[in-house]
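Commentary on secondary and tertiary structure
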Amino acid sequence: MAWTKYQLFLAGLMLTTGSLNTLSAKWADTFSAEGCHGDKEHEFNHPFVQAVCMFLGEFSCLLVFHILLCHDKRRPERSFNPGQSFNPLLFFAPAMCDMTATSIMYIALSMTSASSFQMLRGAVIIFTGLLSVAFLGRRLKPSQWVGILTTIVGLVVVGLADFISKDKKEHKLSEILTGDLLIIMAQVIVAVQMVLEEKFVYKHDVHPLKAVGTEGMFGFVVLTLLLIPMYFIPAGQFTGNPRQVLEDALDAFCQIGFKPLILVALLGNTVSIAFFNFAGISVTKEISATTRMVLDSLRTLVIWAVSLALGWETFHGLQVLGFVVLLTGTALYNGLHRPLLARIPYCAAWVQDDEAEEPAGAGERERLLSEARVQAVDSP
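Since the structure is predicted, the reported quantities are computational estimates derived from the model, not experimental observations.

Along the chain, the regular secondary structure elements total 15 helices and two strands. When the 380 residues of the chain are sorted by exposure, 51% land in the buried category. Excluding contacts between residues fewer than 6 apart, the proportion of contacts in the chain whose partners are at least 24 apart in sequence is 78%. Surface summary for the chain: the accessible area is close to 17900 Å², and the carbon and sulfur share equals 68%.

Below, the structure is given as structure tokens:
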């Protein structure tokens, strides 16, 4: 069935804003400007300030939710399901996981390339699958185990591409490898967040926009307050700010004053994450969760192509192989191979056996979770 113009618009919006989210964050990292108190020009290296901007974008989803709710109340026949009332504190623990993982990923993004950053985030399915088995009692299907193993191979290939890459102009090899390891470490925290959401949050009927907005509210408030003690915590050479503290928010504001384009990059990050979450939810509702997964994978190609065009990185053949392997692993884990294999006579029986291992009602449960779980962990 052909897509309507509205569905095409939503797909394009999700792909565009999802790509802009990572690209705008990386763009901010490329700027250099003077700081406070006459500090000489230095790189804009403020991952925690960037994370605050990202959470502000998530927080804005709460405003969008209430706008849609008010608009629906004025209609003769109401069609907007606001979900049930819930205790907002349910989202506090997942929000803290989101805050920690996002901050780590922004630190990592300043150390490695945007394309490797996006590809390595595929590691989340490994830890999500393992934690689901350990803490949710879920039984993974054979194709999901194969998907996890394939993803591990893909991560090794991408890491190897970074290791032997000849492009060391932007980052030292030690920085690149540290950044890659931080990204993978952040995916462990993301997986914990997703398991917490599934165990404690999504058994309630919570609208996805309200869920994202509530997590964004907690992340924005807590991280903004944490910027105060971070201003006094020494971090040595680990940070790029002149005072060598964990985060110097005042230095970030001074650099923005000297180079306003940094503010454009930060606003791009804030606005894109808000529209990305809205578009992702709408794509799941109007088309399918499978389409959303495919579009989410395609944005890695967009980020890679733009990074190459802007000269932020150089082409490496191993990254192509790594991307294909990671894409295959993600497809297998999420069951995207089933419609294709079902058309092949000799493979149809295997697909049926694979689906038969699911407990009764598991397919519907997974569909609802896909609709409810916005990967704002998709965040940066």
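Read on for the rest.
Time to look at the state of the cysteines. One pass over the structure, following the stated rule, counts one disulfide. Paired through a disulfide, cysteine 36 and cysteine 254 show a sulfur-sulfur distance of 2.0 Å. With the S-S dihedral at roughly 95 degrees, the linkage between cysteine 36 and cysteine 254 falls on the right-handed side. Of this pair, cysteine 36 sits in the loop between β1 (32–33) and β2 (42–43) while cysteine 254 is found in helix α9 (residues 249–258), placing the two residues 218 residues apart along the sequence.

On inspection of all chains with the given rule, the structure shows six aromatic pairs. With centroids separated by 5.3 Å and ring planes inclined at 65 degrees, the aromatic side chains of phenylalanine 86 and phenylalanine 91 adopt a geometry described as edge-to-face. We note arginine 243 situated over the ring of tyrosine 231; from NZ or CZ to the ring centre the distance is 4.0 Å.

Using the criterion set out here, one finds two salt bridges in the structure. For arginine 299, the salt bridge is made with aspartate 296, and the minimal N-O distance between the two is 2.8 Å. Note that arginine 299 and aspartate 296 are positioned in helix α11 (residues 289–309) at a spacing of three residues, about one turn of the helix.

Across its 18 residues, helix α3 (residues 92–109) extends 25 Å between first and last C-alpha, which sits within 8% of the 26 Å expected from 1.5 Å per residue. Taken across its 18 residues, α3 has 15 buried, putting it largely inside the fold.

Here we come to the nonpolar core. Counting residues in each nonpolar core, the largest one holds 67 residues, and the members touching the most others are Phe44, Leu223 and Leu266. When residues of this core are assigned to their parent elements, the largest contribution, eleven residues, is made by α3. In contact with leucine 266, other than residues within four places in its own chain, are Ala28, Phe44, Gln50, Cys53 and Ile256. Leu69, Phe80, Val212 and Ile281 belong to the second-largest nonpolar core, a separate cluster that totals seven residues.

Next up on the list: the packing of helix α2 (residues 47–73) against helix α8 (residues 208–230). Orientation of α2 relative to α8, taken along the N-to-C sense of each, is 150 degrees, at an axis distance of 7 Å. Crossing angle aside, the handedness with which α2 passes α8 is left-handed. For the contact of α2 with α8, the residue count by class is 18 nonpolar, five polar and three charged.

Following both chains from N to C, one finds α3 and α8 inclined at 60 degrees, their axes separated by 9 Å at the closest point. With respect to α8, the element α3 is oriented oblique. In the crossing of α3 with α8, the sense of the turn from one axis to the other is right-handed. Facing α3, whose interface residues are Phe92, Pro94, Ala95, Met96, Asp98, Met99 and Ser103, α8 presents Glu215, Phe218, Gly219, Val222, Leu223 and Leu226. Per-class residue counts for the contact of α3 with α8 are nine nonpolar, two polar and two charged.

Rules and cut-offs
Residues numbered from 1 in each chain as written. Predicted model: local features only at pLDDT ≥ 70, side-chain atom pairs only at ≥ 80, totals over all residues. Heavy atoms only, no water. Helix = DSSP H or I, 4+ residues; strand = E, 2+ residues; numbered from the N terminus. Buried < 20%, exposed > 50% of the residue type's maximum accessible area, 1.4 Å probe, protein only. Contact = heavy atoms within 4.5 Å. Areas by Shrake-Rupley, 256 points an atom, 1.4 Å probe, with all protein chains shown as cover. Disulfide = S-S within 2.5 Å. Phe/Tyr/Trp six-rings, centres within 6.5 Å; stacked < 30°, edge-to-face > 60°. Lys NZ or Arg CZ within 6 Å of the ring centre and 35° of its normal. Salt bridge = Lys/Arg side-chain N within 4 Å of Asp/Glu carboxyl O. Expected span 1.5 Å × (residues − 1). Core = buried A, V, L, I, M, F, W, Y, C linked by side-chain atoms within 4.5 Å. Axes fitted to C-alpha atoms, helices over the stretch in contact; angles between N-to-C directions. Left-handed = near helix turned anticlockwise from the far one by under 90°. Nonpolar A, V, L, I, M, F, W, Y, C, P; charged D, E, K, R; others polar. Parallel < 35°, antiparallel > 145°, perpendicular 65-115°, else oblique.

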